[in-house]
Amino acid sequence: MKIIIISFLLLLMIGCQGNKGTNDFDFEKDTPQWLKAEIDSISLNSYYQVIKVYRYTWKGDFVYHFEIPISSCVFCDLYDQNGSKLTFNDDKLFEDFLENKHDKVLIWQRK
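Bear in mind that the values here come from a model prediction, so they are computed numbers and not experimental data.

J.: Got a minute to help me understand the pairing of strand E2 (residues 61-67) in this structure?
T.: In regular strands, side chains alternate between the two faces of the sheet. Relative to E2, strand E1 (residues 52-58) runs antiparallel, the two being bridged by 7 bridges. Along E2, the bridge assignment pairs Tyr 54 with His 65. Following E1, the chain reverses through 2 residues before pairing antiparallel with E2; Lys 59 in that reversal takes a positive phi of roughly 55°.

Structure follows, in structure tokens:
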């Protein structure tokens, strides 16, 4: 019985450590200044009544996605770590993004 309890506790500890990347996000520390300024601007604009900002990892860098449900375009508002808008000029690059983006973290949402 002790072995089962110890095994369960070890599995529980390992499982908690596996989620460390998404739970340790600190908005003030981990959000670039350009993105903080953009979020401040968005929060004042009534057009953005429902919006979420996500961060993904893709090709070893952070990519920021502004998800605007009323927009007719999905993944149109993507930005790199420096705040430059990403555009996909070919379908293969866009498919690569869709298939290989990971570590989705919700940065901010309109309340």
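J.: Honestly, the packing of aromatic side chains in this entry has me stumped. Any pointers?
T.: The geometry of an aromatic ring pair is captured by the separation of the ring centres together with the interplanar angle, meaning the angle of the planes. Counted by the stated rule, this structure contains 12 aromatic pairs. The interplanar angle of 85° and the centroid separation of 5.7 Å between the aromatic rings of Trp 34 and Tyr 64 together place this pair among those described as edge-to-face. Placement of Trp 34 in helix H4 (residues 33-44) and of Tyr 64 in strand E2 is noted, with a sequence separation of 30 residues between them. Pairing Trp 58 with Phe 97 gives two aromatic rings, centres 5.2 Å apart and planes at 85°, and the pair type is edge-to-face. Taken as a pair, Trp 58 in strand E1 and Phe 97 in helix H5 (residues 91-100) lie far apart in primary sequence, 39 residues in all. Each member of the pair Trp 58 and Phe 97 is classed as buried. One aromatic cluster is present, built from ring pairs that chain together Tyr 54, Tyr 56, Trp 58, Phe 75, Phe 88, Phe 94 and Phe 97. The ring of Phe 62 has Arg 55 lying over it, and the distance from NZ or CZ to the ring centre is 3.9 Å. Directly above the ring of Tyr 54 sits Lys 104, whose terminal nitrogen or CZ lies 4.3 Å from the centroid.

About the criteria used
Here the residue index of a chain counts from 1 through its sequence in written order. Under the rules for a predicted model, residues below a pLDDT of 70 receive no local features and side-chain atom pairs below 80 are neither given nor counted, while totals for whole chains, interfaces and linings still include all residues. The side-chain numbers reported here are obtained from all heavy atoms of the structure, hydrogens and water having been left aside. Strands were regarded as paired on the criterion that DSSP finds at least two bridges between them. Segments assigned H or I by DSSP are reported as helices when at least four residues long, segments assigned E as strands when at least two residues long, and all are numbered from the N terminus. Two rings belonging to Phe, Tyr or Trp (six-membered ring only in the last case) form a pair when the distance between their centres is within 6.5 Å. Interplanar angles under 30 degrees mark stacking, angles over 60 mark edge-to-face geometry, and anything in between is tilted. Each residue gets one of three labels from its accessible area relative to the maximum for its type: buried under 20%, exposed over 50%, partly exposed in between, using a 1.4 Å probe on protein chains only. Placement of a positive charge over a ring is assigned whenever Lys NZ or Arg CZ falls within 6 Å of the ring centre and within 35 degrees of the normal to the ring plane.

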